[in-house]
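# Analysis of the macromolecular model
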Amino acid sequence: MAPTVKPIMSPVPVAWFPFLAVLLLTIGLVVTASFFIYEATSSRRTRSVAKELITGTIASVFLGFEWAYFVLVIELP
């Protein structure tokens, strides 16, 4: 006899997908806005490449996960 196979379940309830998409979009846009404000208000001498890379990476991660939840919300295959 074959062993029983459990279906793959999402770690997050499906009802939370729209909320998570909006939440992650908001966080990503706030971090992106802080990046642009930092670039506009700091001089070339006071800019830090490490801070720019960290801020850009954090914004990209949040916006990337937002995109994944958005695709799940609109049910693209």
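Residues numbered from 1 in each chain as written. Predicted model: local features only at pLDDT ≥ 70, side-chain atom pairs only at ≥ 80, totals over all residues. Heavy atoms only, no water.

Looking at an unreviewed UniProt entry, one finds the protein chain named Dolichyl-diphosphooligosaccharide-protein glycosyltransferase subunit OST5, with Macleaya cordata as its source organism. Per UniProt, the protein chain carries the Sequence similarities (unreviewed entry) text "Belongs to the OST5 family." UniProt's Subunit (unreviewed entry) comment on the protein chain is quoted here verbatim: "Component of the oligosaccharyltransferase (OST) complex." (UniProt positions renumbered as here; feature names shortened; annotations may be inferred.)

### Looking at the overall build of the protein chain
Tallying secondary structure elements over the protein chain gives two helices and zero strands in all. Dimensions along the principal axes, computed over C-alpha positions, put the protein chain at roughly 70 × 25 × 20 Å. Relative to its 77 residues, the protein chain shows a buried fraction of 21%. Taking the intrachain contacts of the protein chain between residues at least 6 apart in sequence as the baseline, contacts between residues at least 24 apart amount to 68%. Taken as a whole, the protein chain presents about 6400 Å² of accessible surface, with 74% of it coming from carbon and sulfur. Counting 5 positive and 4 negative side-chain charges, the protein chain places the centres of these two groups 14 Å from one another. (Helix = DSSP H or I, 4+ residues; strand = E, 2+ residues; numbered from the N terminus. Buried < 20%, exposed > 50% of the residue type's maximum accessible area, 1.4 Å probe, protein only. Contact = heavy atoms within 4.5 Å. Areas by Shrake-Rupley, 256 points an atom, 1.4 Å probe, with all protein chains shown as cover. Lys, Arg positive; Asp, Glu negative; His and termini not counted. Charge placed at Lys NZ, Arg CZ, Asp CG, Glu CD.)

### A few points about the environment of Thr26
Checked against the element boundaries, Thr26 lands in helix H1 (residues 17-41). Placed 49 residues apart in sequence, Thr26 and Glu75 show a C-alpha to C-alpha distance of 21 Å.

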